[in-house]
Amino acid sequence: MSTGHAARPLEPIAAEPAAAAPAPAAAPARMSGFREMLHFALRNRKLVFGLSVTLAMLVFAVVGPFLAHHPPLEYGGKLSWAPTTRDGYWFGTTLLGQDVYAQFTNGLRLAFIVGALGGGIAAAVGMLVGFTAGYRSGIVDEILNMLTNVVLVIPTFAVLLVIAAYLKVRGIMTESLFIGLTSWPWAARALRAQTFSLVSRDFVAMARLSGRNSWKIIFKEIAPNMSSYLFMMFILLFGGAILIAATLDFIGLGPSNTISLGMMMQLSVQNAALQLHLWWWFLPPGLAIMAIVGSLYVMNVGLDEVFNPALREL
Amino acid sequence: MLKLEHVSKTYRVGAFGGSELQAVRDVSFDVEPGEVISLIGESGSGKTTIGRMILRLSPITTGRITFDGVDVSTLRRGALKEYYRHVQGVFQDPFSSCNPIFKADRIFALIKDEFFPGVGGSEWRQRLDSSLEAVSLNPTDVLGKFPHQLSGGQLQRLLVARALLLEIKVLVADEIISMLDASTRIDVLNLLGDLKKRGLGIVFITHDLSLGNYISDTTVILRHGSIVEMGPTEQVFGHPQHEYTQMLLASVPQLHTKWADFEQAHDATAV
Amino acid sequence: MSLAVTDLRVYYRTLAGDVQALDGVTFGVADGEIMGLAGESGCGKSTLGKSLIRFDTRMRFVGGHVELDGAELPVGDSEAMNPFRFKHVSIIPQYAMSAMNPTRKIGKMTKELLRSRGMGSNGAMSELSRRLELVGLSDDVLDMYPIELSGGMKQRVVMVISTLLDPSLLIADEITSALDVSTQKAVAETLVGFRDRGFVKSMIVITHDLSILCQIADTILVMYAGQLAEKAPAETIVDAPRHPYTKLLISSLPEVGVRYAEKRLAGIAGRPPALLHPPAGCRFAARCPLATKKCGEEPPFVGVAPGHSVACWEVGTC
């Protein structure tokens, strides 16, 4: 269509409250943006539920390990005890006499670390690539797009197996780094699309006419406009990193110097815990992973409703 | 002062830029101080593209744009910023021109940050007040408000005030009133007239012939990227030479003359 | 046909309360009349147009009575309106150009539309082809997707489809706003052609552009802030308006031939009132040069001359 014509009707005021049109100009009848969001945030059941569960698990992860009576890897106790209060084996012991509670809380802590680090790295790379591709367009965009697509189709397990063969010891850092460097593509794509739509808005042209350089414009004009989107994206990357880590651990590619939730599940399956009815070994880690990731996703859906007025019920 | 010489713009379209689209062809004109030149054309005429090229928002494919003798396309960083001290723009949609999550006066803060970092608080406030006065805005009415709390007319004036904080010599006004209500349009247009009297050169881009006729000294009629007719406004409107211009004038709906009567009158005095 | 609207009130629901977008309008449209509905943004003209055919999800019918050809038009009841839509009242919506499903060929879309009205498509399709030809479009258009047509062509296609069943009343909502000047003229003339050929009996043309209305409308109704300001034959509105708002509005429009250097036009200071809690009495009083104490009371919309009504204390009773 034309570029020179007003393809929209004249300035919307009071009588046409379409989707996101604001209240009458003379007397703003709604609360300031942030307060309004807070108002809806506290009323949104999904957000409150998701946030509570996540925070509860986080507190447990921080405080829990201090309450453990035995180190997680120590072969101290009796074998295959059910949960009991004796000797502080609250979650029982494994087939090999390790304290399940200690392992569980240790694993929980690791899960949050992997989520933050892995998710953080993925977010950082995704933002770098996505913003640049969306802002620059042209040849830079084409190259970054190709890069994104290539990383997207890399068979991560195969690469990890090769890496595992070369590294003597794999720590939680290596795992986080690996997850971060392989899960950024979808974030980059989403951010590129969002950036595209914002770059054509006149306020970006205005910022250029004010002499701002490109990076300042991206971080001070465009990113703040997407702040809700970035926030939600980070939450998804966080949850995704935890899930990927659990999967990698389960097939034996996890860190070699500690025990995580996924590894607990792997060991329990290897040692036939299901057949031996050692439910306290695999149920806690499984439920924990489900709880964290699930509540993060539920929180995200709730946040979407809070940020996007069109999804709210009146 | 501002000179366009044989300026053309070609877009590469398609995957990896296979085919071409020529938006502007061989356009040349000058802008002198105190002169309003309007670029009038329908959609696809290239008028907005020319405005963007003058503002260095789009690169030129061939030709030259010079400001006070200096080729604009060679400017980088510091020199480009200097250019923006003298040449600014205002666009069609006032609500899109202000970042909606910040308050409207942030546009002034941006200018201060980039161009006047050393200026003290009260002196800046003084300059701001005089700029706002020049566009007939009351500071208490417009400062400290979000864009959605102001009207389109107020925002457009704010954007002009922003440009006036710098010592601009040329203002590119791209359809700045087409999104405003009829009763406020004329006030913003009159504002441009006042600025012209103070020596500002204005490139007035519009599709509306009556607005161009009202405000401009020189008129350029564009069609598919090329200049079809150019000259002093009275001449272009009074005695249009090119048949495209004649067709445009005949199609403009007027308040007091019906299309049929206009055609009859002009057929009778056929050029 | 004739349309009689009495004291129509339509409000918008919002979080903050009811926006009184349309507050008691009363007017009529005669058989064969093209009435222009003019006003600035927020005056309620689009709301009025929409309320005569289909309410938005946020619109709320508060009161009033609409009669079409002597029978009641149940505008407040969406279900009851169904048999009237498309057959008796039709609309060319704002953004008509994007009103077509981009994944459907035009011919197929029309057939589906007709089927949804419970009509067999054969007779109507041949009539459709005939009318497309009349507006200067060939039959091939039916086999195309909307994206293959230009803006003006799409506009004409939508116009033909909307009037296919010869409705008594056609509402055209800002159909020329997004078009180039030359296409605007073609579309406006097509619209008049529909009336002249009898495809449509009467029309309400909604636009903010008074000059287009002067070209095609018989009468013009000017609205301000949800109420009627003035209604008169088109020439009278332009040459001899009586309401202060209309006068100021007309005098603020630059015409080809008027130049800043010779005659500096003036706009209207201030802004229309917020309709969330509108002021009592005449809503233009705050910006009106003739305002007096009496304007605190709402002026009635009365006739001052045959076919000419004004809502103003200073003028209405002269």
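Everything numeric in this text was worked out from a predicted model, so none of it was measured.

Notes on the overall build of chain C
Check the secondary structure of chain C and you find 10 helices and 12 strands. The C-alpha atoms of chain C give 20 Å as radius of gyration, which agrees with the globular expectation for 318 residues (20 Å, within 12%). Structurally, chain C occupies a C-alpha span of about 65 × 50 × 40 Å along its principal axes. The 318 residues of chain C split such that 48% are buried. Restricting the contact set of chain C to residue pairs at least 6 apart, pairs at least 24 apart contribute 64%.

What to know about the overall build of chain B
For chain B, the helix and strand inventory stands at 12 helices and 10 strands. Considered along the principal axes of its C-alpha atoms, chain B spans approximately 65 × 45 × 35 Å. Looking at the 271 residues of chain B, the share that counts as buried comes to 49%.

Quick look at the pairing of strand β6 (residues 89-92) of chain C
Residues and elements named next belong to chain C. Residues Val-89 and Ile-91 point to one face of β6 and Ser-90 and Ile-92 to the other, with burial holding for every one of them. Relative to strand β7 (residues 169-173), β6 runs parallel, the two sharing four bridges. Bridging across to β7, Ile-92 finds its partner in Ala-172.

Some remarks on the domain arrangement of chain B
Residues and elements named next belong to chain B. Per the domain assignment, the segments making up chain B are domain 1 (2-238) and domain 2 (241-271). Using only C-alpha atoms to locate each centre, domain 1 and domain 2 end up separated by 30 Å. In this complex, domain 1 contributes eight residues to the contact, which on the side of domain 2 involves seven residues. Looking at the side of domain 1 that touches domain 2, the elements that each hand over two or more residues are α9 (209-215), β9 (218-223), β10 (226-232) and α10 (233-238). For the side of domain 1 that touches domain 2, a count of residues per class yields five nonpolar, one polar and two charged.

Section: the interface of chain B and chain C
Taken together, the 31 residues of chain B in the interface contact 30 residues of chain C. It is helix α8 (residues 182-197) of chain B that provides the largest number of residues to the side of chain B that touches chain C, a total of eight residues. Looking at the side of chain B that touches chain C residue by residue, the class counts come to 14 nonpolar, 12 polar and five charged.

Structural notes on unusual backbone geometry
Residues and elements named next belong to chain B. Unusually for a residue other than glycine, His-6 sits at a positive phi of about 45 degrees. With respect to the helices and strands, the residue His-6 is situated in strand β1 (residues 2-13). The phi dihedral of Asp-68 is positive, around 50 degrees, even though this residue is not glycine. With respect to the helices, strands and loops of the structure, Asp-68 is situated in the loop between β4 (62-67) and β5 (70-71).

Thoughts on the environment of Ser183(B)
Looking at the element boundaries, Ser183(B) is found in helix α8. The buried category is assigned to Ser183(B), around which 22 C-beta atoms lie within 10 Å. On a C-alpha basis, the gap between Ser183(B) and Gly153(B) in space is 9.8 Å, while along the polypeptide they are 30 residues apart. Discounting chain neighbours no more than four positions away, the residues touching Ser183(B) are Glu40(C), Leu248(C), Leu249(C), Ser252(C), Gly267(C) and Ile268(C).

Description of the pairing of strand β2 (residues 17-29) of chain C
Residue and element names in this part refer to chain C. Pairing geometry for strand β1 (residues 3-14) and β2, over nine bridges, is antiparallel. The residue bridging Ala-4 from the neighbouring strand is Gly-28, located in β2. Between β1 and β2, which pair antiparallel and follow one another directly, the connecting turn spans two residues.

Cut-offs and rules
Residues numbered from 1 in each chain as written. Chains lettered and ligands numbered in written order. Predicted model: local features only at pLDDT ≥ 70, side-chain atom pairs only at ≥ 80, totals over all residues. Helix = DSSP H or I, 4+ residues; strand = E, 2+ residues; numbered from the N terminus. Rg over C-alpha atoms; globule rule 2.2 N^0.38 Å. Buried ≥ 20, exposed ≤ 12 C-beta atoms within 10 Å, placed from the backbone. Contact = placed C-beta atoms within 7 Å. Pairing = 2+ DSSP bridges. Domains from an automatic or database assignment. Nonpolar A, V, L, I, M, F, W, Y, C, P; charged D, E, K, R; others polar.

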